[in-house]
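A look at the structure
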Amino acid sequence: MRRSVFAILIGIGPCLVAGAIFAQDAPRLRGPEPFTTDTPAPPMARQITDDVRVGRNYPDQPPVIPHSIDGYAMDLNANKCMSCHARKFTEQSQAPMISVTHYQDRAGNTLGGLAPRRYVCVSCHVSQTNAKPLVENAFTDMDAIAEPERQPERGRH
Ligand code: HEC
Ligand code: HEC
């Protein structure tokens, strides 16, 4: 009996230490106040609606929305986004077409229309805003590290 208690203590000891270290290093996304205090919500970030498509940060990132979407209906009967982004409307609207993945079900079968799992566009695509990043990020693109000589537009040569 005594031995098993001892074994348990030895087991959880390192976990507690590791927990304490990680807890300290983790960025505090909710600000300096402890979670038990009510703090006023920060002001909403301003949307950037300049119609300039924003580069993606990684492959398969859903691109951010560069235009206003205020009041766009999205319910059982109407999907305002598709009135411009559906393949058959892009000629008039000049909007980029939703990609082929949006016409596929999760097994990869191509469907005749928009896949139900892609119906609610804003569950993946968000408006571009002027919000500041929550954590510092020193990410450098692979192209800039691996082959700087092939990047003359970046002014390295
Ligand atoms: C009136 C037509 C119209 C409607 C409605 C519309 N869009 Fe757009 N969308 C555009 C156009 C045009 C562009 C190209 C950039 C620009 O001009 O703003 C665009 C760009 C985008 C992009 C950027 C694509 C990229 O590759 O960077 C996304 C994402 C997007 N729209 C999502 C949406 C979503 C989600 C909705 C519905 C909430 C929506 N759009 C409704 C016309 C529209
Ligand atoms: C489940 C997440 C998800 C949903 C829902 C979704 N998208 Fe996307 N969308 C993506 C991803 C991921 C990409 C980029 C990779 C790709 O093309 O699949 C993308 C790409 C796009 C692009 C750029 C296409 C290109 O070729 O540059 C447009 C425009 C777009 N989506 C519009 C929409 C609209 C409009 C809807 C709603 C009808 C929608 N998306 C629903 C995830 C989603």
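Remember, it's a predicted structure, so these values are computed and weren't measured experimentally.

The next point concerns the packing of aromatic side chains. The description of an aromatic ring pair uses the distance of the two centres, along with the angle that the planes make with each other. Following the criterion strictly, the structure yields zero aromatic pairs and no others. The ring of Tyr72 carries Lys80 above its face, with NZ or CZ at 5.6 Å from the centroid.

Moving on, we get to the coordination of the iron atom of ligand 1. Each protein donor to the iron atom of ligand 1 is listed here as His67 (NE2) and His85 (NE2); together their distances run 2.0 Å. One can describe the site at the iron atom of ligand 1 as octahedral: its six donor atoms subtend angles covering 88 to 179° at the metal. Of this pair, His67 sits in the loop between α1 (2-25) and α2 (82-85) while His85 is found in helix α2, placing the two residues 18 residues apart along the sequence.

For the rest of this paragraph, the subject is the site of ligand 2. Residues in contact with ligand 2 amount to 25 residues; listed here are only the nearest, Ser99, His102, Cys121, Cys124 and His125. Contacts to ligand 2 include Thr101, whose side-chain N or O atom sits 2.6 Å from an oxygen atom. Residues that form the shell around ligand 2 fall into these classes: twelve nonpolar, eight polar and five charged.

Our next topic: the confidence of the model for the chain. Of all residues in the chain, 76% attain a pLDDT of 70 or more, and the chain-wide mean is 83. When the elements of the chain are averaged for pLDDT, α1 gives the smallest value, 59, and α2 the largest, 97.

The next point concerns unusual backbone geometry. One non-glycine residue with positive phi stands out, namely Asp60, at about 70°. Mapped onto the fold, Asp60 is located in the loop between α1 and α2. Asp60 gets classed as exposed once you look at its relative accessible area, which sits at 75%. In this structure, Gln94 takes a positive phi of about 60° despite not being glycine. Relative to the helices and strands, Gln94 is located in the loop between α3 (90-93) and α4 (142-146). Note on Gln94: relative accessible area 65%, which makes it exposed.

What follows deals with the site of ligand 1. The full set close to ligand 1 counts 20 residues, and Asp51, His67, Cys81, Cys84 and His85 are the nearest of them. Within the contact set of ligand 1, an oxygen atom lies 2.7 Å away from a side-chain nitrogen or oxygen of Asp51. The contact in question runs from a nitrogen atom of ligand 1 to an N or O atom on the side chain of His67, over 2.8 Å. Grouping the amino acids of the shell around ligand 1 by side-chain chemistry returns eleven nonpolar, five polar and four charged.

Conventions used here
- Residues numbered from 1 in each chain as written.
- Chains lettered and ligands numbered in written order.
- Predicted model: local features only at pLDDT ≥ 70, side-chain atom pairs only at ≥ 80, totals over all residues.
- Heavy atoms only, no water.
- Phe/Tyr/Trp six-rings, centres within 6.5 Å; stacked < 30°, edge-to-face > 60°.
- Lys NZ or Arg CZ within 6 Å of the ring centre and 35° of its normal.
- Donors = N, O, S within 2.8 Å, 3.2 Å for Na, K, Ca; no water.
- Tetrahedral: all angles 85-135°; square planar, octahedral: opposite > 155°, others 65-115°.
- Helix = DSSP H or I, 4+ residues; strand = E, 2+ residues; numbered from the N terminus.
- Near = heavy atom within 4 Å.
- Polar contact = N/O pair within 3.5 Å; in protein donor to acceptor, adjacent residues only side chain to side chain.
- Nonpolar A, V, L, I, M, F, W, Y, C, P; charged D, E, K, R; others polar.
- pLDDT = per-residue confidence, 0-100.
- Buried < 20%, exposed > 50% of the residue type's maximum accessible area, 1.4 Å probe, protein only.

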